[in-house]
Amino acid sequence: ESFAVMIKEEAGSGKTRLIHELKQSTQALFIDFNFTEFKRDVPYSAIKDALRQRQLTEAQREALKDDLPFIEDIIDPTKPRSADYLITSERRHYALYRLLQAYSSERPTVFVAEDLHWADEESLGFIEYASEKLQNEKAAKFGLLMTARPDLKKDFVKTVCFKPLNPEDSKKVL
């Protein structure tokens, strides 16, 4: 079943540690989109970095043949493109979503968007698009798990916030 969840909490609260533990406890494939402060002005920076590390199978390439020009435009927007394709943000988002579907075709997959508060506007637009699609398409074989600090003002999915444990609850955990 598909899901889109954001963990929104201050730096050092254990968001990344929680995701690490989740990765250790499941057989799902995890693909990380790690946003950074230094690339916040580069469209799709973390998504491009993740895509460059993965290869598509021949079957996936065939399934995505109509989407590949738009995906390639995200990876390298300076490369000349055919005039046959009108490249818009909406079409890029659709193509990226289809790519996530292709990656998850063989096994359940979780896409992790870490530090979303550093994301550029295009990436945020795509994450919002994918989140909405996942909430409406329960049959998708992948999920989207996001982390952000509270200063990210966008709330387009179910958001989980942690509260500090009181001394009594802390003793129970130990």
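Above this text is the structure in question.
Everything numeric in this text was worked out from a predicted model, so none of it was measured.

Criteria and cut-off values
Residues numbered from 1 in each chain as written. Predicted model: local features only at pLDDT ≥ 70, side-chain atom pairs only at ≥ 80, totals over all residues. Heavy atoms only, no water. Helix = DSSP H or I, 4+ residues; strand = E, 2+ residues; numbered from the N terminus. Buried < 20%, exposed > 50% of the residue type's maximum accessible area, 1.4 Å probe, protein only. Polar contact = N/O pair within 3.5 Å; in protein donor to acceptor, adjacent residues only side chain to side chain. Expected span 1.5 Å × (residues − 1). 1 Å grid on protein atoms, 1.4 Å probe; cavity = no way out; pocket = protein on both sides within 12 Å on 5 of 7 lines; lining within 4 Å. Points joined across faces, edges and corners; volume = space filled by probe spheres on them.

A. Here's a closer look at the side chain of Thr109. Inspection of the secondary structure assignment puts Thr109 in strand β3 (residues 109-114). Residue classification places Thr109 among the buried positions, given a relative accessible area of 2%. Polar contacts involving the side chain of Thr109 include one to the main-chain carbonyl oxygen of Arg107, which spans 2.9 Å.

B. Just helix α5 (residues 89-103), in detail. The first and last C-alpha atoms of α5 sit 21 Å apart over 15 residues, in line with the 21 Å expected at 1.5 Å per residue. Listed in full, the buried residues belonging to α5 are Arg92, His93, Ala95, Leu96, Tyr97, Leu99, Leu100, Ala102 and Tyr103.

C. Just the layout of surface pockets, in detail. Estimated volume of the largest pocket: approximately 250 Å³. If you go around the largest pocket, you meet 14 residues; those closest to its centre are Leu56, Arg61, Ile71, Glu72 and Ile75. Of all the secondary-structure elements, those providing two or more residues to the lining of the largest pocket are α4 (68-75) and α5. In terms of residue count, α4 provides more of the lining of the largest pocket than any other element does, four residues in total.

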